[in-house]
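Residue-level listing of the chains:
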Amino acid sequence: MRPDISVFGRYTYLLTEVVWGTVALGLLARAGALRRAAATVVALYPIAYVWDWYTLEIGVFDIKLRTGRELLGIPVEEHLFMVVVPSLVVAIHETLHDVRS
């Protein structure tokens, strides 16, 4: 059985991004990889934005549990997603390969 976090209503997606973003930030700080993650996010963000905008535009998916606020044509939560996901990937990679351990 999985927990039902939809009780947060329109803030569900935002809260999810904040929680996983906090995890990523903690791991990145521990591994000393904040700059590396920032460089990855900067490199990937334009591609992710265009991809996200297009898939939302043509109706590939519909995000129901979101705030309803948009920035540059996509939900604010999607902007956070485009920062959190690559940050978490770099964080896990750097944590697994941390030579200081």
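Since the structure is predicted, the reported quantities are computational estimates derived from the model, not experimental observations.

Reading the values: rules and limits
Residues numbered from 1 in each chain as written. Predicted model: local features only at pLDDT ≥ 70, side-chain atom pairs only at ≥ 80, totals over all residues. Heavy atoms only, no water. Helix = DSSP H or I, 4+ residues; strand = E, 2+ residues; numbered from the N terminus. Buried < 20%, exposed > 50% of the residue type's maximum accessible area, 1.4 Å probe, protein only. Contact = heavy atoms within 4.5 Å. Lys, Arg positive; Asp, Glu negative; His and termini not counted. Charge placed at Lys NZ, Arg CZ, Asp CG, Glu CD. Core = buried A, V, L, I, M, F, W, Y, C linked by side-chain atoms within 4.5 Å. Patch = residues over 30% accessible without salt bridge, like charges linked within 9 Å, V, L, I, M, F, W, Y side chains within 5 Å. Areas by Shrake-Rupley, 256 points an atom, 1.4 Å probe, with all protein chains shown as cover. Salt bridge = Lys/Arg side-chain N within 4 Å of Asp/Glu carboxyl O. Axes fitted to C-alpha atoms, helices over the stretch in contact; angles between N-to-C directions. Parallel < 35°, antiparallel > 145°, perpendicular 65-115°, else oblique. Left-handed = near helix turned anticlockwise from the far one by under 90°. Expected span 1.5 Å × (residues − 1).

Our focus in this paragraph is the overall build of the protein. Summing up its helical and strand segments, the protein has three helices and two strands in all. Helices and strands in the protein line up, N terminus first, as α-α-β-β-α. Viewed in the frame of its principal axes, the protein has a C-alpha envelope of about 45 × 35 × 20 Å. By residue count, 28% of the 101 residues in the protein fall in the buried class. For the protein, restricting intrachain contacts to residue pairs at least 6 apart in sequence, the fraction spanning at least 24 positions comes to 68%. Here the protein contributes 9 positive and 10 negative side-chain charges, whose respective centroids are spaced 7 Å apart.

Let us now look at the nonpolar core. Leu28, Ala31, Ala33, Ala37, Val90 and Ala91 together form the largest nonpolar core, which totals six residues. Elements with a contribution of two residues or more to this core: helix H1 (12–31) and helix H3 (76–96).

A cluster of nonpolar side chains, namely Ile5, Val7, Phe8, Tyr11, Leu15, Val19, Trp20 and Val23, defines an oily patch on the protein surface of about 730 Å² accessible area. Its place among the elements puts Phe8 in the segment before H1. The class of Phe8 is partly exposed, set by a relative accessible area of 43%.

It is worth spelling out the packing of helix H2 (residues 34–57) against H3 at this point. Where H2 contacts H3, the axes come no closer than 8 Å and their chain directions differ by 140°. The orientation of H2 with respect to H3, classified from their angle, is oblique. At the point where H2 passes H3, the crossing takes the right-handed sense. Two secondary-structure elements touch here, H2 through Arg36, Ala37, Thr40, Val41, Leu44, Tyr45, Ala48, Tyr49, Asp52 and Leu56 and H3 through Glu78, His79, Met82, Val83, Pro86, Ser87, Val90 and Glu94.

Take the pattern of salt bridges next. Tallied over the full model, the rule gives three salt bridges. With a shortest N-O distance of 2.9 Å, Lys64 and Asp62 are connected by a salt bridge. Side by side, Lys64 and Asp62 carry an identical accessibility label, which is exposed.

This paragraph deals with H3. Given a rise of 1.5 Å per residue, 21 residues ought to cover 30 Å, and the 30 Å separating the end C-alpha atoms of H3 matches this to within 8%. Buried within H3 are the following residues: Glu77, Glu78, His79, Met82, Val84, Pro86, Ser87, Leu88, Val90, Ala91 and Glu94. Contact partners of the buried residues in H3: H1, H2, strand S1 (70–71) and strand S2 (74–75).

This paragraph deals with the side chain of Glu94. Following the sequence through the fold, Glu94 ends up in helix H3. You can call Glu94 buried: its relative accessible area is 15%. With residues near it in sequence (within four places) discarded, Glu94 still touches Ala31, Ala33 and Arg36.

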